[in-house]
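Summary of the model geometry
Single-letter residue listing:
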Amino acid sequence: MRKILVVGAGQAGLQLALGLQSQGYEVTLMSNRTADEIRNGRVMSTQCMFHTALQYERDLQINFWESQTPRVEGLGVSVADPSLAPDSPEVRGRVIDWVGKLDNYAQSVDQRVKMAGWMETFAQRGGQLVIHGAAVSDLDFFARKYDLVLVSAGKGELVSMFERDASRSPFDTPMRSLAVSYVHGLERRPEHPDFDAVRFNIVPGAGELFMIPGYTLTGPCDILFWEGIPGGPLDVFEGIKDPNEHLAKTLELMERYTPWEYARATKVELTDARATLSGRYPPTVRKPIGTLPSGGLVLGVADVVVANDPITGQGSNSASKCAAAYLASIVEHGDKLFDADWMQATFDRYWDTAQHVTKWTNALLTPPPEHILNLIGAAGQIPPVAERFVNGFDDPSDFENYLYDPAKTEAWIGEAAAKAGA
Ligand SMILES: Cc1cc2nc3c(=O)[nH]c(=O)nc-3n(C[C@H](O)[C@H](O)[C@H](O)COP(=O)(O)OP(=O)(O)OC[C@H]3O[C@@H](n4cnc5c(N)ncnc54)[C@H](O)[C@@H]3O)c2cc1C
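Just so it is clear, the structure is predicted and the values come from calculations on it, not from any experiment.

Cut-offs and rules
- Residues numbered from 1 in each chain as written.
- Predicted model: local features only at pLDDT ≥ 70, side-chain atom pairs only at ≥ 80, totals over all residues.
- Near = placed C-beta within 6 Å.
- Helix = DSSP H or I, 4+ residues; strand = E, 2+ residues; numbered from the N terminus.
- Nonpolar A, V, L, I, M, F, W, Y, C, P; charged D, E, K, R; others polar.
- Domains from an automatic or database assignment.
- Buried ≥ 20, exposed ≤ 12 C-beta atoms within 10 Å, placed from the backbone.
- Contact = placed C-beta atoms within 7 Å.
- Pairing = 2+ DSSP bridges.

Taken together, 35 residues sit near the ligand, with G8, G10, G154, G156 and G315 positioned nearest. Elements represented by at least two residues in the shell around the ligand include exactly helix 1 (11–22), strand 2 (26–31), strand 7 (177–184) and helix 8 (315–332). No other element matches helix 8, which puts 4 residues into the shell around the ligand. Taken together, the residues of the shell around the ligand sort by class into 15 nonpolar, 18 polar and 2 charged. Residues lining the shell around the ligand come from more than one domain, with at least three contributed by each of domain 1 (3–63 + 110–171 + 283–364) and domain 2 (72–106 + 175–279).

With that out of the way, let us pick up helix 11 (residues 383–391). Within the sequence span of helix 11, burial applies to V385, A386, R388, F389 and V390. For helix 11, the elements touching its buried residues are strand 3 (72–80), strand 4 (94–106), helix 10 (370–378) and helix 12 (406–420).

Split into domains, the protein comes out as domain 1 (3–63 + 110–171 + 283–364), domain 2 (72–106 + 175–279) and domain 3 (370–420). Facing the 8 residues of domain 1 at the interface are 7 residues of domain 3. Where the side of domain 1 that touches domain 3 is concerned, the elements lending two or more residues are helix 3 (51–59) and helix 9 (340–364). In terms of residues, the side of domain 1 that touches domain 3 owes the most to one element, helix 9, which gives 3 residues. Considering only residue class, the side of domain 1 that touches domain 3 consists of 3 nonpolar, 5 polar and no charged.

Side chains L148 and L150 project from strand 6 (residues 148–151) onto one buried face, and the interleaved V149 and V151 project onto a second face that is buried too. By the bridge criterion, 4 bridges tie strand 1 (residues 3–7) to strand 6 in an arrangement that is parallel. Residue pairing across strands places I4 opposite L148, the latter belonging to strand 6. Relative to strand 15 (residues 297–300), strand 6 runs parallel, the two being bridged by 2 bridges. Note on strand 15: the bridge partner recorded for L150 is L299.

What follows is the structure, given as structure tokens:
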């Protein structure tokens, strides 16, 4: 039986470990935290996952929270009046406000719930779980005992083993500051009270507010997520330690910059004492193979090798897609050696999908060109434009067909308008 070591128990590491286990591999999973420490720890993400990524979980029959988690059936975009300066005290209106229906629903299960549950399942199914924060020296020792070592340790220190790929990483500093609060008590959007949707609110020149229906330790919830342009008026969470102060700041910004969302948030309270998160990181693509001091090779997984900014909500989706692609490559490789050529080919298979996520995400981190603004505006009048755009969150490769080239964008808007009779 082939022996595989997975280092890091997040979306990618656990999905891979459970998948390999179900295929009969002897899997060891190394995690720097126990299931209880994860469950009782701080929130880690907003983790909204779309159909393709969720389907990989269903395929492995590990979609344990699907029935109790709110179904996100649409995604809406609002743009605050850009004629007001980011620091203007005037009450803002919206110049754009629409919602598009997803072909299949999305869901967000708090990673504290999911990772803790998956970790316990892995151990109950006979997997070997080692609670240890792995250092490079540990991997050097263990690599000799395993046929393959997969490093799925997210954005932790082990990424230093993998060289930054400058040709695929246009930014070398964080492009947004991040501030998340999980809450109960949010009222539904009056524009679509009959279905749940992720709301993507853009405050031109300052940043974005995401509102994401989710499922947490205490049941269904909503997640409020500010992304602030560094140094701007939304980049104000650093140093706030008290969760209630963090929520108060979140609401204060909503009242000022997105009053239409604040109106339904006046009664919210945090879901628990660890329901807030703030931070920032530079979006980075890395070379996929790490070389250990003794010459052994390890393969990077998901965020270790491709960490995009969460502005497009893709990281967990990509982690699921990466785990599925790696699982298929491992199984197809049979008993052959997991050498450098196989590792590179395995990553390249994932990059076929990930490259579209990286291109699209990076495009949204700088002020959008006029043709993209036109498209977002047209989506409010022409439903098929909105629907195609929101379904791109499930399959960002479609943006290649119409988003980046002004002529293609214009042609698509014209075609959709003609079909819709607009
Ligand atoms: C604020 C925010 C909002 C986000 N919103 C979304 C969203 O809406 N949709 C979406 O799809 N994605 C979102 N993401 C991104 C998503 O959460 C990540 O991309 C995804 O979790 C990456 O999965 P992963 O398995 O690669 O790494 P992780 O989930 O980070 O898991 C890595 C695991 O490895 C452990 N670890 C680290 N170092 C070691 C070590 N040395 N030894 C052992 N274990 C170690 C960590 O503790 C962790 O448990 C968001 C991220 C952030 C920060």
